[in-house]
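# Overview (structure and organization)
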Amino acid sequence: MTAAVALGWLALGACGLAGILALVADMIAGERASVAPSALLLAVASLASGAAAFVPSAGAPDSVPLVVGGVGSIVFALGASAVVVAGQARGPAPAQAAALIALCAGGCVVLAGARDVVVFLVAAEAVALSSYAMVAHSADDRSDEAALKYFVQGSVAAGALVLAVAVLVGASGGFTSYADLAQLTSGAWSGAASLAMMLMVGVSAFKLGAVPFHSWAPDAYETAPPAASSFIATAPKLAMAVAAVQLVREGPFASGFGTAGFAMASMAVASIAVGNLAGLRQRSYTRMLGYSGVAHAGYLLVAAAVPLGGIVPVALLGVSYAVASAGAFATAAAVRGCRPGWDGSIEGLTGLGREKPLLSVSIAIFMFSLTGIPLTVGFWGKLIPLLNAFRADAGWLALIALAGSVVSFGYYGRVIRAVFLDPADGARTPSRDDGPHAPDAPASMLAVVSVLAVLVVVLGTLPLFVGVGPLASLLAGF
Amino acid sequence: MLLSATIATPLAGSLLVLAIGRLRSADAVRWAALTAAVLSALQAVRVAFGIGTGGLSEAVGVHGARFWHLAADGLSAPLVVLTGLLAVVAVLASWRLDSAPHFALLLGLTAAVQAVFLAADLIAFYVAWEAVLIPMYFLIGVWGHEDRRRAAMKFFVYTFSGSVLMLAGILLLMAETRSATFEAAFAAGLSPAAQSLVFWLLAAGFLVKVPVFPLHTWLPDAHVEAPTAGSVLLAGVLLKLGPYALLRVGLQAAPEAFEAARPALAVLGVIGVVYGAAMAFAQSDLKRLVAYSSIAHMGFVMLAVAAGTPLGIAGALIGMVSHGFVAALLFLLVGSLYDRTGTRDTARLGGLGARWPAWATAFIFAALASAGLPGLSGFPGEFVAIVEGFAAFGWLAAAAAAGAFLGAAYNLRAVRRVCHGEAAEPGLVAEIPVLRGHEVAAIAILAAGIVAVGLWPGLVSGAGSAAMESLASTWAVGP
């Protein structure tokens, strides 16, 4: 067992412990439970997973179903930040939320490292089950409705996934690992393999929230508690994108990638178009972020459909989306903290720039990053996949993604405009000295938001001086 | 590290000003901003002296895997100095504001513009190009006039759409040449088919920034709504990014496509000259008049760029620097007039020559420079543009010469309406205002620049003759 593998298991162990501790704390202390130990353990998991990227791993074994390095580290870090936000958000039962987040984070790390169809199936369903519960975890009826819709659609996807695995295992006579299956499919590309591939690509697209399988996503992300959304809208998407690339591009279906690539490219175009155009029409901040997620599923599929650069372009784009979007959802929780009467609309953010400069600058940074403006990590996240698209003679895909970015500033820019540019309501003339005495958002929540914003800028600036290479090798992991 | 320091100084100043803003002392913020701006200008001047006859280049970061390549030569150094000086002017122009973020954004904008002029790598160039957008968006949107929010959004959407097409061009260029530094990417050479695609994608971004005729509609709005300091930097340096990028990236990345595009560029330039002058003639809002005159002046620059000869490029460079000084001075004066009277409407003004002679003197000086009076900076650039344009495109340049007449007409008419005659509303300027110290300082810097460039154009173009020769030789074979 190499050191990197040991660190990977250590990280997963810390993550599991975080979930168990949260449950224990909930049992002992009930509603007032502290989630700090769980957050701390997830942070430890993040560090351990990140450290693994710096350990030379001699011939990383395919058999270890884990992802370490940058992707694992970011997944756990997003888990830790979501747990902190959940603990401060005065939502229902923060300890239960923490347990669900830890379970989901563990599932994501296994999913992104899966090299076996059964591991893929189990991990994907672990992520999905904890996500359903988190969406339903809010106190109101709308969230129950969204969770039910998500769950019913998710069950269909789960059934399709089980069918695909059954077809593959049956056709191969009992093999489940990608390597074995690839040997079988490379010789004779059977109808069974085609069916399995079609199902797998569809299921991956569903879990990414790509068009035409996207209808659950805006509902789920809007109505879930912001702390939960900041995790389930981001880390699972990152993990699923990485897993899908390994499964479809390098796994059992590598020899038939042409068809899958075409399907992915078509869904990418549809997602970019639908996500961005629908995003323009949203009034609710979190629902807008939901459609932003649909559009980003499209960009991720562009990165996945271009067969260049291994998992790095997808991982880079996924990480850049996950960090900025998690920050954007966390700001929604923070705004609830300092404006208790906020109705969740974008217009309701008006005048925030004068009241809460730190929070507002963070929102602007997240919005610029989601648009893909330079000096934020979102720029590099989109740059590499698009450059690869041009290299692979798929410039038209890149042009569509670029057009999507321009349109997307229509809604991200509206947030910035509301926060900084629009005047606060007439009666309240803003003045620097006697600003309205709004309550402050909890300090730890502000800390999470600021750390994510700083991360977006640092990761967005660093590549200028060190190139994208170091980021790529951090992300590649094993 | 000189070049990196030229970018880092205003950037550090920007952060420092934000930190000082916590002290809530307006004076501390102002003086810190001014100090940072002066230091940045001194850095810029050091660059100009540092390039000698060749150039400077540097790279920071892990070897072989970075995008932070910078270079300065005779083409970029005058624009770097212009940016440094106008940063000082912009700080002086917003002296009466007490908002730390405003000064921080001005300095941040300066850093971003310097980075565009110094970038020697496609990625660094694009990053800097977009970084210009963010501070300008907030300067217009937060500190602008009544219709600022619409103008800020329009500015952002136009320039962002353009630069996304430019990004597509850059990505295509990088994918074809497999390199990101200017040197390697330009040396690799593209096939003719790829060249014209790359050139026009890039040009889409550049031409929006210039702006040329059908893509210009963001400019009057942005200029009119921007605060004075914003207009100074927007007209003074941001408009220079387009022609500079056309010479630095467009021409060198796709020389054959540039050669094919020269007539089109010349037509766009001449349309800008005539259209801008005619529109300026029709305006009664002084700020809008100056905004349209910018389109006309940039039209001359485009004509000179299209000529593509070493002398033409020198003329374009002189025209850019001159317009930087002249437009900044005009916006500054209109801004200080608006501060005193609350209007920019020429129909409501008049007789300022008698009531406020100091201002009127400066305004007449600026208007004459804008009209292209020999001896002031407006003349050499436009003269060269017409001469070289005539040599390259024949009678097309005659239209530009007619535009120069229109330029004299709208400038002199503005002088007549504002400075001469009877005051239309005598109550408007009741007591004789005094130009404040910071205004005098800013006017002095700009006036000195206008006279210096007017009398000695070689000050701008002298150091760059080698760079211009080599630029011109990339597309034209032979002498």
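Note that the structure is predicted; figures quoted are calculated from it, not measured.

## Digging into the overall build of chain B
Broken down by element type, chain B carries 22 helices and 2 strands. The C-alpha radius of gyration computed for chain B amounts to 21 Å, which stays within 12% of the reference 23 Å derived for 479 residues, consistent with globular compactness. Seen through its principal axes, chain B has C-alpha atoms that stretch 65 × 60 × 40 Å. Relative to its full complement of 479 residues, chain B shows a buried share of 63%. Put simply, 80% of the contacts in chain B that link residues at least 6 apart link residues at least 24 apart.

## Side note on the overall build of chain A
For chain A, the count of helices and strands is 20 helices and 0 strands. Since a compact globule built from 478 residues should have a radius of gyration of about 23 Å, the 21 Å found for chain A is in line with a globular shape. For chain A, the spread of C-alpha atoms along the principal axes amounts to about 75 × 55 × 45 Å. Within the span of chain A, comprising 478 residues, buried residues form 62% of the whole. Contacts spanning at least 24 positions in sequence make up 81% of the contacts within chain A whose residues lie at least 6 apart.

## Concerning the interface of chain A and chain B
Facing the 26 residues of chain A at the interface are 29 residues of chain B. Counting only elements with at least two residues in the side of chain A that touches chain B, the list comes to helix 17 (377–391), helix 18 (395–421) and helix 19 (443–466) of chain A. With 11 residues, helix 18 of chain A is the largest single contributor of residues to the side of chain A that touches chain B. Of the residues that constitute the side of chain A that touches chain B, the class distribution is 18 nonpolar, 5 polar and 3 charged.

## What about the environment of B:Tyr292?
Residues and elements named next belong to chain B. Here Tyr292 shows up in helix 14 (residues 286–307). It is 5.0 Å that separates the C-alpha atoms of Tyr292 and Gly276, two residues lying 16 residues apart in sequence. Setting aside residues up to four positions removed in sequence, Tyr292 forms contacts with Pro220, Gly276, Met279, Ala280 and Gln283.

## Some remarks on unusual backbone geometry
At the junction of A:Val211 and A:Pro212, the peptide bond is cis and its omega measures out at 10° in the coordinates. If you trace the backbone, A:Pro212 turns up in the loop between helix 8 (191–208) and helix 9 (216–223). At the junction of B:Val210 and B:Pro211, the peptide bond is cis and its omega measures out at -15° in the coordinates. Here B:Pro211 lies in the loop between helix 9 (192–209) and helix 10 (218–225).

## A closer look at the packing of helix 17 of chain A against helix 7 (residues 148–177) of chain B
Relative placement of two packed helices is described by the angle separating their axes and the distance separating the axes. Put simply, helix 17 of chain A and helix 7 of chain B touch, their axes get as near as 8 Å, and they point 60° apart. Looking at the two axes, helix 17 of chain A sits oblique to helix 7 of chain B. In this structure, the crossing between helix 17 of chain A and helix 7 of chain B has a hand that is right-handed. When helix 17 of chain A is examined against helix 7 of chain B, the residues A:Leu386, A:Leu387, A:Phe390 and A:Arg391 are found in contact with a partner set consisting of B:Leu171, B:Leu172, B:Met174 and B:Ala175. Class assignment of the residues belonging to the contact of helix 17 of chain A with helix 7 of chain B gives a composition of 7 nonpolar, no polar and 1 charged.

## Description of the environment of B:Ala385
Among the secondary structure elements, B:Ala385 is positioned in helix 18 (residues 378–393). Linking B:Ala385 and B:Gly52, residues 333 residues apart in sequence, is a C-alpha distance of 26 Å.

## What about the pairing of strand 2 (residues 69–72) of chain B?
Residue and element names in this part refer to chain B. Neither face of strand 2 is open: one carries His69 and Ala71, the other Leu70 and Ala72, and all of them are buried. Two strands pair when backbone bridges link them, and strand 1 (residues 56–59) and strand 2 are joined in this way by 4 bridges, in the antiparallel orientation. If you follow Ser57 over to strand 2, its bridge partner there is Ala71.

## Quick notes on the confidence of the model for chain A
All names here are of chain A. The predicted model of chain A has a mean per-residue pLDDT of 85, with 92% of residues at 70 or higher. The element-level mean pLDDT for chain A is lowest in helix 20 (residues 469–476), coming to 74, with helix 13 (residues 285–305) highest at 93. Confidence drops under pLDDT 50 across residues 426–435; counting only partners more than four residues distant or on other chains, this segment forms 6 contacts.

## Looking at the packing of helix 16 (residues 357–371) of chain A against helix 19 of chain A
All names here are of chain A. Orientation of helix 16 relative to helix 19, taken along the N-to-C sense of each, is 40°, at an axis distance of 9 Å. Comparing the axis directions of helix 16 and helix 19 gives the class oblique. Taken as a pair, helix 16 and helix 19 cross one another with a handedness that is left-handed. In this structure, helix 16 uses Leu358, Leu359, Ser362, Ile365, Phe366 and Ser369 to contact helix 19, whose residues at the interface are Leu446, Val449, Ser450, Ala453, Val456, Val457 and Gly460. Residues of the contact of helix 16 with helix 19, tallied by class, amount to 9 nonpolar, 4 polar and no charged.

## Some points on the confidence of the model for chain B
On average, residues of chain B score 86 in pLDDT, and 96% of them reach the 70 mark or higher. For this predicted complex, the interface confidence reaches an ipTM of 0.90, while the overall pTM sits at 0.92.

## Digging into helix 13 of chain A
Taking 1.5 Å as the rise per residue, helix 13 of chain A with 21 residues should run 30 Å; its terminal C-alpha atoms sit 30 Å apart, in good agreement. With respect to burial, helix 13 of chain A is a largely interior element, 21 of its 21 residues being buried.

## Regarding the environment of B:Ile20
All names here are of chain B. Its location among the elements puts Ile20 in helix 1 (residues 2–21). A count of 19 C-beta atoms within 10 Å places Ile20 in the partly exposed class. Those residues in contact with Ile20, other than ones at most four positions away along the chain, are Ala28, Val29, Ala32 and Ala100.

## Regarding helix 7 of chain B
An α-helical turn contains 3.6 residues, so any two residues separated by three or four positions project in the same direction. Residue and element names in this part refer to chain B. Taking 1.5 Å per residue, 30 residues should reach 44 Å; helix 7 reaches 42 Å between its end C-alpha atoms and fits that length. Where burial is concerned, most of helix 7 is hidden: 24 out of the 30 residues are buried. Immediately downstream of helix 7, the backbone of Arg178 shows phi near 60°, a positive value.

Each value, and the rule that gives it
- Residues numbered from 1 in each chain as written.
- Chains lettered and ligands numbered in written order.
- Predicted model: local features only at pLDDT ≥ 70, side-chain atom pairs only at ≥ 80, totals over all residues.
- Helix = DSSP H or I, 4+ residues; strand = E, 2+ residues; numbered from the N terminus.
- Rg over C-alpha atoms; globule rule 2.2 N^0.38 Å.
- Buried ≥ 20, exposed ≤ 12 C-beta atoms within 10 Å, placed from the backbone.
- Contact = placed C-beta atoms within 7 Å.
- Nonpolar A, V, L, I, M, F, W, Y, C, P; charged D, E, K, R; others polar.
- Axes fitted to C-alpha atoms, helices over the stretch in contact; angles between N-to-C directions.
- Parallel < 35°, antiparallel > 145°, perpendicular 65-115°, else oblique.
- Left-handed = near helix turned anticlockwise from the far one by under 90°.
- Pairing = 2+ DSSP bridges.
- pLDDT = per-residue confidence, 0-100.
- Expected span 1.5 Å × (residues − 1).

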